[in-house]
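Take a look at the letters that make up each chain.
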2 protein chains.
Amino acid sequence: MGKVDIKKKAAIEKISGYLLENGLNNTGIRALAQAAGTSDRMLIYYFGTKDELLNQVLGSIAAGVTVQLDALLGTDVRSADLLLEELTAVVSQPFFKPAIQLWFELVGLAVRGSEPYLANAKLFSDNWIQWIESRIEAPTAEKATDLYAHLEGRLMIQLIQQPDALQSA
Amino acid sequence: MGKVDIKKKAAIEKISGYLLENGLNNTGIRALAQAAGTSDRMLIYYFGTKDELLNQVLGSIAAGVTVQLDALLGTDVRSADLLLEELTAVVSQPFFKPAIQLWFELVGLAVRGSEPYLANAKLFSDNWIQWIESRIEAPTAEKATDLYAHLEGRLMIQLIQQPDALQSA
DNA sequence: CTCAATACGTAGCAGTCGCTACACAATATT
DNA sequence: AATATTGTGTAGCGACTGCTACGTATTGAG
């Protein structure tokens, strides 16, 4: 065990917050280290590689989002149309804005197939689709996927057309 | 007039091709200059700024996409449901894949509000929505926007879930 | 207490970034 | 032919990139 694991977890938490607030544009390990209250030297010591660090941080953020979503929408089954509207309403709350921004930044880095971004994007969207599929009536993978597509498109447009819409209540 | 305008246009064309093929990840002006068959020094001489260069290149690409879309789908009015399916089918063709990848890369850079990306993203999505609105029955801005959202979500999932799907016929 | 493993600071490498200073060449104008 | 404008090459700046070499503290086990 040792201190390393403890400090690793602390670093992941702090860097998660930093990424949610600042995005994926300024992810030099020196900046991340400062956010974590340590040095670039130590981040490499803990995680070996910047990519591995990002892997763990992104995974941690995604897990947090899923927890929030479960808390807000439960596990009841409802019609696809209703779930889409409920999801849109919930996820449009300002609390989710940083995570959604981060999501689309991740997508942008993933679309050319570069890792670790594509693997993470695939994983996260799969989780969403399964989450949806288990909450709609007469579920099929196609219906869940298309509902998810519709939701994501709406969120993308919110970010682009009204960049400040999610910030106020 | 002078040679500058001629060489500017040639540079825009070549760099458009380069960006479509290679994305927005490796857009150092030295790489762009090589793609255009000139030097970084000259690109700054022509365009003043890297941002201005990207502005013009992205605008050129967007214009090209619109031309293609008009050619393939005409200006007929049809039901929103039908247009969504037709658009999905057309835009899923491999010809459009590089442009769609570029689009989501642009979105990823735009979601934190940084320029010139956000301005371009806003402009392009506006154009799409208007394009859609003028081709559906009983058009409203809301219907066109939501149709566009649905389409974009589908494209995003295609890129992430089946990264190679658009490459073959 | 000894000594090895773990933890961490300092400095730096080789590369890239957008952009500029300074030179000179080619062309246009008078 | 003299002069001004436009075009282009070379070299480099200062800041940043992920990562490493090398040292030294700190901690653990025997």
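What you see is a predicted model; the values in this text were computed from it and never measured.

A.B. asks: Explain the overall build of chain A here, please?
C.D. replies: On a plain count of helices and strands, chain A comes out with 8 helices and 0 strands. Secondary structure elements of chain A, listed N to C terminal, follow the sequence α-α-α-α-α-α-α-α. Relative to its length of 169 residues, chain A is compact, with a C-alpha radius of gyration of 17 Å against a globular reference of 15 Å. C-alpha atoms of chain A, sized along the principal axes, occupy 50 × 35 × 30 Å.

A.B. asks: Sorry, what's going on with the interface of chain B and chain A here?
C.D. replies: With 29 residues of chain B in contact, the opposing surface of chain A contributes 30 residues. The leading source of residues in the side of chain B that touches chain A is helix H8 (residues 141-161) of chain B, at 12 residues. Residues of the side of chain B that touches chain A, tallied by class, amount to 14 nonpolar, 10 polar and 5 charged.

A.B. asks: Looking at this structure, how should I read the packing of helix H7 (residues 117-133) of chain A against helix H8 (residues 141-161) of chain A?
C.D. replies: The packing of two helices is summarised by the inter-axis angle and the distance between the axes. All names here are of chain A. Taken N-terminus to C-terminus, the directions of H7 and H8 make an angle of 115°; their axes are 9 Å apart at the nearest point. Note on packing geometry: the crossing formed by H7 with H8 is right-handed. Between H7 and H8, the contacting residues are Trp128, Ile129, Ile132 and Glu133 on the first element and Ala141, Ala144, Thr145, Leu147 and Tyr148 on the second. Considering only residue class, the contact of H7 with H8 consists of 7 nonpolar, 1 polar and 1 charged.

A.B. asks: Even after reading the chapter, I still don't get the relation of the copies chain B and chain A, so can you show me in this structure?
C.D. replies: There are two copies of the chain, and a rotation about an axis plus a shift along that axis relates them. Overlay of chain B on chain A (RMSD 0.1 Å): rotation 180°, translation along the axis 0.0 Å. Taken together, the rotation angle and the small translation identify this as a two-fold axis. An overlap of 100% is found between the interface residues of chain B and their copies at the interface of chain A, pointing to a shared contact surface.

A.B. asks: Explanation requested: helix H6 (residues 97-110) of chain A in the structure shown.
C.D. replies: For an α-helix, the turn length of 3.6 residues means that residues three or four places apart are oriented alike. Relative to the 20 Å expected for 14 residues at 1.5 Å per residue, H6 of chain A spans 20 Å between its end C-alpha atoms, a close match to the ideal helical length. Of all the positions in H6 of chain A, only Lys97, Gln101, Leu102, Trp103, Phe104, Glu105, Leu106, Val107, Gly108, Leu109 and Ala110 of chain A are classed as buried. The secondary structure elements touched by the buried residues of H6 of chain A are helix H1 (3-22), helix H4 (50-73), H7 and H8 of chain A together with helix H6 (97-110) and H8 of chain B.

A.B. asks: Looking at this structure, how should I read the nonpolar core?
C.D. replies: As a rule of thumb, soluble globular proteins bury nonpolar side chains together. Of all hydrophobic cores here, the largest spans 81 residues; its most connected members are Leu106, Val107 and Tyr148 of chain A together with Leu106 and Val107 of chain B. Excluding anything up to four places from it in sequence, Leu106 of chain B contacts Leu24, Tyr117, Asn120 and Ala121 of chain B.

A.B. asks: So what exactly am I meant to see when it comes to the environment of Gln161 of chain B here?
C.D. replies: Within the secondary structure, Gln161 of chain B is located in helix H8. Residue Gln161 of chain B is classed as partly exposed on the basis of its 14 C-beta neighbours within 10 Å. Look past the residues within four positions of Gln161 of chain B in its chain and what remains in contact with it is Lys122 and Ser125 of chain A.

A.B. asks: Any chance you could explain unusual backbone geometry here in plain terms?
C.D. replies: A negative phi holds for most residues other than glycine; trans holds for most peptide bonds. Residue and element names in this part refer to chain A. Cis geometry marks the peptide bond from Glu115 to Pro116, where omega comes out at 10°. Along the chain, Pro116 falls in the loop between H6 and H7. The phi dihedral of Ala138 falls on the positive side, at around 45°, and the residue is not glycine. Structurally, Ala138 is set in the loop between H7 and H8. Judged by C-beta crowding, with 8 C-beta atoms within 10 Å, Ala138 ranks as exposed.

A.B. asks: Help me understand the environment of Ala11 of chain A, please; the structure alone is not making it clear to me.
C.D. replies: Within the secondary structure layout, Ala11 of chain A lies in helix H1. For Ala11 of chain A and Ala33 of chain A, which are 22 residues apart along the polypeptide, the C-alpha to C-alpha distance reads 8.2 Å.

A.B. asks: I would appreciate a short explanation of the environment of Asp40 of chain B in the present structure.
C.D. replies: Residues and elements named next belong to chain B. Note that Asp40 resides in helix H3 (residues 40-47). As for Asp40 and Lys50, which are separated by 10 residues in sequence, their C-alpha atoms are 9.6 Å apart. When neighbours within four sequence positions are excluded, Asp40 is seen to be in contact with Ile29, Arg30 and Ala33.

Conventions and cut-offs
Residues numbered from 1 in each chain as written. Chains lettered and ligands numbered in written order. Predicted model: local features only at pLDDT ≥ 70, side-chain atom pairs only at ≥ 80, totals over all residues. Helix = DSSP H or I, 4+ residues; strand = E, 2+ residues; numbered from the N terminus. Rg over C-alpha atoms; globule rule 2.2 N^0.38 Å. Contact = placed C-beta atoms within 7 Å. Nonpolar A, V, L, I, M, F, W, Y, C, P; charged D, E, K, R; others polar. Axes fitted to C-alpha atoms, helices over the stretch in contact; angles between N-to-C directions. Left-handed = near helix turned anticlockwise from the far one by under 90°. Least-squares fit on C-alpha atoms with pLDDT ≥ 70 in both. Expected span 1.5 Å × (residues − 1). Buried ≥ 20, exposed ≤ 12 C-beta atoms within 10 Å, placed from the backbone. Core = buried A, V, L, I, M, F, W, Y, C linked by C-beta atoms within 7 Å.

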